[in-house]
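# Close look at the chain arrangement
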There are 2 protein chains.
Amino acid sequence: MILQYDGTRYNGWQRQRATDNTIQGKLEMILTKMAGQPVEIHGAGRTDAGVHAKGQVANFSLDTDRTPEEILHYINDYLPDDIGILYLSVVPPRFHSRLNATGKIYQYRIGKNRAQNVFDRKYMYIHPAPLDMAAMKAASQYLLGKHDFKAFCGNARMKKSTVRTIYSIEFEESESEIRITYYGNGFLQYMIRILTGTLLEVGEGKRSPESIQELFDNLDRSLAGATAPACGLTLLEVKYD
Amino acid sequence: MILQYDGTRYNGWQRQRATDNTIQGKLEMILTKMAGQPVEIHGAGRTDAGVHAKGQVANFSLDTDRTPEEILHYINDYLPDDIGILYLSVVPPRFHSRLNATGKIYQYRIGKNRAQNVFDRKYMYIHPAPLDMAAMKAASQYLLGKHDFKAFCGNARMKKSTVRTIYSIEFEESESEIRITYYGNGFLQYMIRILTGTLLEVGEGKRSPESIQELFDNLDRSLAGATAPACGLTLLEVKYD
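The notes below deal with the structure included here. (Residues numbered from 1 in each chain as written. Chains lettered and ligands numbered in written order. Predicted model: local features only at pLDDT ≥ 70, side-chain atom pairs only at ≥ 80, totals over all residues. Heavy atoms only, no water.)

## What to know about the overall build of chain A
Keep this limit in mind: Secondary structure follows DSSP: runs of H or I at least 4 residues long count as helices, runs of E at least 2 residues long count as strands, and numbering of each begins at the N terminus. In this treatment the radius of gyration is a C-alpha quantity, and the globule benchmark scales as 2.2 Å times the residue count to the 0.38 power. Here's how the labels work: a residue is buried when its accessible area is under 20% of the maximum for its type, exposed when over 50%, partly exposed in between, all with a 1.4 Å probe on protein chains only. Only heavy atoms matter for contacts: two residues are in contact if any of them lie within 4.5 Å across the pair. Computed by Shrake-Rupley with a 1.4 Å probe, the accessible areas treat only the displayed protein chains as cover when residues are assessed. In this tally, Lys and Arg are treated as positive and Asp and Glu as negative; His is ignored, and so are the chain termini. Think of each charge as sitting on NZ of Lys, CZ of Arg, CG of Asp or CD of Glu.
Regarding its fold elements, chain A presents five helices and ten strands. For 241 residues, the compact-globule estimate of 2.2 N^0.38 gives 18 Å, and the C-alpha radius of gyration of chain A, at 19 Å, lies within 12% of that figure. Projecting the C-alpha coordinates of chain A onto the three principal axes gives extents of approximately 60 × 40 × 30 Å. For chain A, buried positions account for 51% of its 241 residues. Taking all contacts inside chain A whose residues are at least 6 apart in sequence as the whole, residues at least 24 apart take part in 69%. Total accessible area on chain A is roughly 11,600 Å²; 47% of this is exposed by carbon and sulfur atoms. Taken as two groups, the 29 positive and 28 negative side-chain charges of chain A have centres that lie 5 Å from each other.

## A short note on the packing of aromatic side chains
Residues and elements named next belong to chain A. Selection criterion: Within 6.5 Å between ring centres, the rings of Phe, Tyr and Trp (the latter by its six-membered ring) count as paired, and their orientation is classed by plane angle as stacked under 30 degrees, edge-to-face over 60, tilted in between.
Counted according to the given criterion, the structure contains 18 aromatic pairs over all chains. Their ring planes at 40° and their centres at 4.8 Å tell us that Tyr74 and Tyr78 sit as a pair that is tilted. Of this pair, Tyr74 and Tyr78 both sit in helix α2 (residues 68-78), four residues apart, which is roughly one turn of the helix. A relative accessible area of 45% places Tyr78 in the partly exposed class. Cluster of aromatic residues (ring-pair linked, three or more members): Phe149, Phe152 and Phe216.

## Things to note about the side chain of Glu28(B)
Checked against the element boundaries, Glu28(B) lands in helix α1 (residues 23-35). The residues touching Glu28(B), leaving out its near neighbours within four places in the chain, are Arg15(B), Val39(B), Glu40(B) and Ile41(B).

## Some details on the interface of chain A and chain B
Interface extent is often summarised as the accessible area lost during association of the parts. For the record, the criterion: For any pair of parts, buried area is found by adding up, for both, the accessible area (1.4 Å probe) each one loses once the two are put together. Here, a salt bridge means any Lys or Arg side-chain nitrogen found within 4 Å of an Asp or Glu carboxyl oxygen. Distance and chemistry together define a polar contact, namely a pair of N or O atoms within 3.5 Å, with one atom able to donate a hydrogen and the other to accept it when in protein, and with adjacent residues in sequence counting only for side-chain atoms on both sides. All residues other than Ala, Val, Leu, Ile, Met, Phe, Trp, Tyr, Cys, Pro, Asp, Glu, Lys and Arg, Gly among them, are scored as polar; the first ten of these are nonpolar and the last four charged.
Listed as interface residues are 24 residues of chain A and, on the opposing side, 24 residues of chain B. At the boundary of chain A with chain B, total buried surface from both sides reaches about 1,900 Å², with 55% on carbon and sulfur atoms. Considering only the surface of chain A that becomes buried against chain B, Arg114(A), Phe119(A) and Arg121(A) emerge as the three largest contributors, covering 38% of it. On the surface where chain A and chain B come into contact, there are four salt bridges. Among the salt bridges present, the one from Asp6(A) reaches Arg121(B), with a minimum N-O distance of 3.2 Å. One can count 16 residue pairs in polar contact (both at pLDDT 80 or more) joining chain A with chain B. For the side of chain A that touches chain B, the elements supplying multiple residues, two or more each, are β1 (2-5), β3 (52-60) and β4 (83-87) of chain A. Here the residues of the side of chain A that touches chain B are counted per class, giving eleven nonpolar, six polar and seven charged.

## Some details on the packing of α1(B) against helix α2 (residues 68-78) of chain B
Residue and element names in this part refer to chain B. Short version of the rule: Geometry is summarised by axes, namely lines fitted to C-alpha atoms with helices restricted to the contacting stretch, and by angles between N-to-C directions that run from 0 to 180 degrees. Angle categories: roughly parallel below 35 degrees, roughly antiparallel above 145, roughly perpendicular from 65 to 115, and oblique for all the rest. For any pair of crossing helices, the crossing counts as left-handed if the nearer helix is rotated counterclockwise from the farther one by less than a right angle, and right-handed if it is rotated clockwise.
Relative orientation of the contacting elements α1 and α2 amounts to 125°, with a least axis distance of 10 Å. Compared by their axis directions, α1 and α2 come out oblique. Like other packed secondary-structure pairs, α1 and α2 cross with a definite hand, here right-handed. When α1 is examined against α2, the residues Leu27, Ile30, Leu31, Lys33 and Met34 are found in contact with a partner set consisting of Ile71, Tyr74, Ile75 and Tyr78. Residue composition of the contact of α1 with α2, by class: eight nonpolar, no polar and one charged.

## What about the relation of the copies chain A and chain B?
Formally: For this overlay, a least-squares fit was computed on C-alpha atoms, restricted to residues scoring pLDDT of at least 70 in both copies.
For the pair chain A and chain B, the superposition axis carries a translation of 0.0 Å, the fit reaches an RMSD of 0.0 Å, and the rotation angle comes to 180°. Between the two chains, the operation in question is that of a two-fold axis. Taking C-alpha positions as reference, the residue of chain A nearest the rotation axis is Asp120(A), located at 4.4 Å. Residue by residue, 100% of the interface of chain A is reproduced at the interface of chain B, so both copies engage with the same surface.

## Describing the side chain of Asp48(B)
Residue and element names in this part refer to chain B. Tracing the backbone shows Asp48 in the loop between β2 (41-43) and β3 (52-60). The buried category is assigned to Asp48, whose relative accessible area is 15%. Sequence-distant contacts of Asp48, that is, excluding residues within four places in its chain, are made with Gly12, Gln189, Tyr190 and Arg193.

## Remarks on the pattern of salt bridges
In the structure shown here, the tally under the stated rule is 24 salt bridges over all chains. Among the salt bridges present, the one from Arg193(B) reaches Asp48(B), with a minimum N-O distance of 3.1 Å. With Arg193(B) in helix α4 (residues 191-203) and Asp48(B) in the loop between β2 and β3, this pair connects stretches of sequence that are 145 residues apart. A residue is classified by how much of its surface remains accessible, and Arg193(B), at 12% relative accessible area, is buried. Taken together, the shared-partner salt bridges connect Arg109(A), Asp120(A), Glu177(A) and Arg179(A) into one network.

## Describing the pairing of strand β5 (residues 103-111) of chain A
All names here are of chain A. The test is simple: Two strands make a pair as long as DSSP finds a minimum of two bridges between them.
By the criterion of burial, β5 is predominantly enclosed, with nine of the nine residues buried. Side chains of β5 alternate between two faces, with Gly103, Ile105, Gln107, Arg109 and Gly111 and Lys104, Tyr106, Tyr108 and Ile110 buried alike. Relative to strand β10 (residues 233-239), β5 is paired through six bridges, and the arrangement is antiparallel. Paired with Ile105 across the bridge in β10 is Glu237. Relative to strand β9 (residues 177-184), β5 is paired through eight bridges, and the arrangement is antiparallel. Directly across from Tyr106, in β9, lies its bridge partner Tyr182. Two strands pair when backbone bridges link them, and β5 and strand β6 (residues 125-126) are joined in this way by two bridges, in the parallel orientation. Counted as the bridge partner of Gly111 is Ile126 from β6.

Below you can see the structure in the form of structure tokens.
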């Protein structure tokens, strides 16, 4: 399934305890009720608490006589109005939304001021200070390609590889906001929010574009920027071959 | 001033009692605090409870040493995050935002389903039944021009003229929604919501496009359609010569 959600009032995608208010938990509760047996859902991106999605992908396994369209309508009928399933289809049995994903696109929205962003205020981080866009773009060039992003990982006890590849970082600017779109083969916990927090410090003149390189040399989280707020981040798309 | 607001949690534009939770009341409270004397604000459109605005216009009179820019920042600093002043300038003393307005543009958004409109759900009316757009467009042709819109007026005790002119009604359709944009020289209470409710009944096949003409002959509110929900309506722009 492809789904979207306003993450504002959720504790993120991933169910941890049965009582957590998570997207995964909501979906599993509805599917388990429909199927009359426990159903487990696998999501492509484990979005953090407060992060939104316009193109999250998830899969589950189920023996049923219902058609995909019937299941889609069943789930949507029971979902609250801040989660919506856009598409649902049968996939090969070995498909896994996270393990088979070849890339993900995330967007971070920075509102230039509060007054101009009344309608999208829950989907952006309001940051009124002026930003040096040229410096931010220059800094983003150091982030492209394959690197050890340990300095940008929010999980200090991460045991697995922290090497990731960023294919592109694109900036769009309008009168009221800046959007930064990150496309990579995968992202570590809080990685995009720390990348954005670091780029914001460059934009504010608190660090130079060149200083990004040191983060790959030192691999020290404490030298990177602050973790930008969750509300500005949206998972746009998950790519598959 | 030109301002925008998410009307969801307000009792409309117009202050009636001092304790009402209205847009006008919020602005007057802040300006009165700033000026140290009562300040009254005049709005161009008296939007109903729950109706939104992207280009509301309002004026007030004030002796002050502050520049317009300082006043704008003062107000925005005290406003909640669902109201924002976009622009503020000095105007001739006789300017009145409502009396001088020559036209208004309102937009009504109809969401085709809930799941596809997670992020804009508070700014549209979700109406899952299929709509005959050709019939709605045909019906809208009867509404154009100068008519007595008494059948489309929500105020049964309206003493003043109910004659208004609609210059254009435009339809935009996307995969997830329909937008109807109304441009006229002025609109009666609930008029756009009743126009929309009537067009929806045409789209549902409950009445014919031609039946619109009878509403101008009979001038009977009970023969027009239901009042469409406030949440779908936004005041986009106020025109001046």
